[in-house]
Amino acid sequence: MNYVKLMKRAISLANQYKYTAKPNPVVGCIIIKDDKIISEGAHEKFGCNHAEINAINLAKTKIGKSFKSFEELTLICSLEPCNHSGKTGPCTEAIIKSGIKNVVIGALDPNPLVSGKGIECLKKNGICVKTNVCSELVKEQNKFFFFKNTYGRPFITAKIASSIDGKSHIVGSKQTWITSKKSREDVQKLRASKDVILTGGNTVVNDNPMMNARVDFLINQPKKILLSTKTNLNFDAPFFKDADYEIIKERDLSKVVDRFKNTDVTSILVEAGPKLINSFLNEDYVDELIIYESTSKLGPNGVNWFKEDNAVENLGFKLESTYKIESDTKKIFIK
Ligand code: AOF
Ligand code: ZN
């Protein structure tokens with residue numbers, strides 16, 4: 001049986017839900033009889049049915065038509081079925097109850113509540129399990145989820161908009177638009193892909209941002225976090241308009257990052273001014289740096305993003321890719 005082809009299909013099925021399943025991993029599941037697909041399912045929305053449950057439920061409607069008994073079926077799932085009760089019940093239990101006797105798995109679930117225990121439970125119940133089919137693709141697809149479970153903290157992206165001469169804004173000014181409307185639309189999509197948008201008090205006061213993701217597709221909105229010890233915040237500002245924000249009055253970044261350890265959050269986008277961005281960079285908490293660079297200069301009245309020329313390279317980043325967005329350039333640096 002060509003499980004690689006079917007696993008790739010399960011992976012692309014899952015991919016459709018990357019903006020709504022987060023911070024959970026995306027997972028796809030296909031149930032087959034011989035080489036015929038009986039049903040498919042995905043984890044579509046955070047807090048809702050897991051992929052296996054959707055696929056099993058659909059297969060149940062076809063019993064007596066496409067197949068006689070679940071024992072004839074093989075379940076192909078991109079991630080190890082869970083064996084714990086979270087917001088939903090254990091998938092292993094549903095698989096065992098269904099009567100399915102063969103399970104093919106992409107990658108092991110790195111979540112310590114599951115890792116290996118799902119497979120163990122299936123095997124103990126007489127189910128034949130094959131693992132590691134396209135596991136690298138599954139890990140790549142769920143990069144933030146695997147990162148969090150490997151390093152114990154979310155994957156952190158810092159995003160800045162810079163003039164060609166490396167400046168953030170004009171000294172003493174309020175908001176300065178550096179990049180084009182198209183680049184700012186790209187930032188909305190970047191926000192949509194993250195679990196948390198983190199900013200600082202100066203950005204909220206000077207730029208008056210909403211800091212939500214304004215996109216024309218369905219998403220699980222990132223949570224907004226304001227890192228500030230300011231006591232004179234204006235709660236009528238756009239940032240505070242929708243309720244899902246949190247203010248963290250903590251200067252020690254290691255304590256800030258540590259707060260996410262036992263939460264669902266797997267990715268953070270830091271959008272802030274030079275001071276906070278440099279703190280994250282200097283404390284080595286940035287895994288990816290995205291620079292939207294315009295062709296215009298801010299000149300001698302502009303505030304530098306970094307202390308020295310090429311500070312990005314000096315901090316150990318290497319350029320991974322560049323994209324043109326109209327006249328702007330989007331540069332992605334990774335460690
Ligand atoms: C699966 N199938 O489709 C997914 C799994 O809070 P819950 O109940 O939604 O559980 C979330 C955890 O379950 C998540 O952290 C990951 O370990 C696993 N995700 N497992 O069997 C799925 N999305
Ligand atoms: Zn599950």
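Residues numbered from 1 in each chain as written. Chains lettered and ligands numbered in written order. Predicted model: local features only at pLDDT ≥ 70, side-chain atom pairs only at ≥ 80, totals over all residues.

Chemist: What should I look at first to understand the pairing of strand E11 (residues 267–271) in this one?
Modeler: Within a regular strand, side chains alternate between the sheet's two faces. Burial within E11 is extensive, with 5 of its 5 residues counted as buried. Where burial is concerned, the two faces of E11 agree: the one with Ser 267, Leu 269 and Glu 271 and the one with Ile 268 and Val 270 are both buried. Relative to E11, strand E6 (residues 155–162) runs parallel, the two sharing 5 bridges. Considered in E11, the bridge of Thr 157 is made with Leu 269. (Buried ≥ 20, exposed ≤ 12 C-beta atoms within 10 Å, placed from the backbone. Helix = DSSP H or I, 4+ residues; strand = E, 2+ residues; numbered from the N terminus. Pairing = 2+ DSSP bridges.)

Chemist: Would you explain the packing of helix H2 (residues 51–60) against helix H3 (residues 91–98) in this entry?
Modeler: If you want to describe how two helices pack, look at the angle between their axes and the distance between the axes. Taken N-terminus to C-terminus, the directions of H2 and H3 make an angle of 25°; their axes are 9 Å apart at the nearest point. Between H2 and H3, the crossing angle belongs to the class labelled roughly parallel. Relative to H3, the crossing made by H2 is left-handed. Touching Glu 52, Ile 53 and Ile 56 of H2 are Cys 91, Ala 94, Ile 95 and Ser 98, all from H3. Looking at side-chain class alone, the contact of H2 with H3 contains 5 nonpolar, 1 polar and 1 charged residues. (Axes fitted to C-alpha atoms, helices over the stretch in contact; angles between N-to-C directions. Parallel < 35°, antiparallel > 145°, perpendicular 65-115°, else oblique. Left-handed = near helix turned anticlockwise from the far one by under 90°. Contact = placed C-beta atoms within 7 Å. Nonpolar A, V, L, I, M, F, W, Y, C, P; charged D, E, K, R; others polar.)

Chemist: Would you mind going over unusual backbone geometry with me for this structure?
Modeler: Note on backbone geometry: most residues besides glycine have negative phi, and most peptide bonds are trans. Lys 22 connects to Pro 23 through a cis peptide bond whose omega is 5°. Even without being glycine, Cys 134 reaches a positive phi, approximately 60°. Structurally, Cys 134 can be placed in the loop between strand E5 (128–130) and helix H5 (135–141). For Asn 208, which is not a glycine, the phi torsion comes out positive at approximately 55°. With respect to the helices and strands, Asn 208 occurs in the loop between helix H8 (201–207) and strand E9 (223–227).

Chemist: Before we go on, may I ask you to explain the site of ligand 1 in this structure?
Modeler: In the neighbourhood of ligand 1, 17 residues make up the surrounding shell, with Val 27, His 43, His 50, Gly 86 and Asn 111 lying closest. Along the lines of polarity and charge, the residues of the shell around ligand 1 split into 8 nonpolar, 6 polar and 3 charged. (Near = placed C-beta within 6 Å.)

Chemist: I tried to follow the nonpolar core on my own but got confused; where do I start?
Modeler: Most often, soluble globular proteins have nonpolar side chains that are buried together. Judged by nonpolar contacts, the single largest core of 42 residues is most densely connected at Ala 10, Ala 14, Cys 29, Leu 75, Ile 76 and Cys 77. Listing elements by their share of this core, those giving two or more residues are helix H1 (3–15), strand E1 (28–33), strand E2 (36–42), H2, strand E3 (74–79), H3, strand E4 (102–107) and helix H4 (117–124). Tallying contributions element by element places H1 first for this core, with 6 residues. The residues touching Ala 14, leaving out its near neighbours within four places in the chain, are Val 26, Val 27, Gly 28, Ala 42, Ala 51, Ser 78 and Gln 141. Counting residues in hydrophobic clusters, the runner-up holds 36 residues, among them Phe 146, Leu 198, Val 204 and Leu 281. (Core = buried A, V, L, I, M, F, W, Y, C linked by C-beta atoms within 7 Å.)

Chemist: Whenever I open this one, the sheet that holds E4 confuses me. Can you help?
Modeler: By way of backbone hydrogen bonds, the strands of a sheet pair with one another, either parallel or antiparallel. Strand order in this open sheet of 5 strands is E2-E1-E3-E4-E5, and the pairing throughout is mixed. At either margin of the open sheet sits one strand with a lone partner, and together these are E2 and E5. Mean inter-strand twist for the sheet, computed between neighbouring axes without regard to direction, equals 20°. Two elements, E1 and E3, share 4 bridges in a ladder whose sense is antiparallel. Looking across to E3, one finds that Ile 32 is bridged to Thr 74.

Chemist: What am I meant to see in the pairing of E9 here?
Modeler: Of all 5 residues in E9, 4 are buried, a share of seventy percent or more. Two strands pair when backbone bridges link them, and strand E8 (residues 196–200) and E9 are joined in this way by 5 bridges, in the parallel orientation. Looking at the pairing, Ile 197 lines up with Lys 224 of E9. Summarising the sheet, E9 and strand E10 (residues 245–248) pair through 4 bridges and their orientation is parallel. Counterpart to Lys 224 in the pairing with E10 is Tyr 245.

Chemist: Teacher, can you tell me more about the environment of Leu 319 here?
Modeler: Summarising the element assignment, Leu 319 is placed in strand E14 (residues 318–325). Each C-alpha atom of the pair Leu 319 and Leu 289 lies 9.3 Å from the other, and the pair is 30 residues apart in sequence. What Leu 319 contacts, discounting residues up to four positions off in sequence, is Lys 331 and Phe 333.

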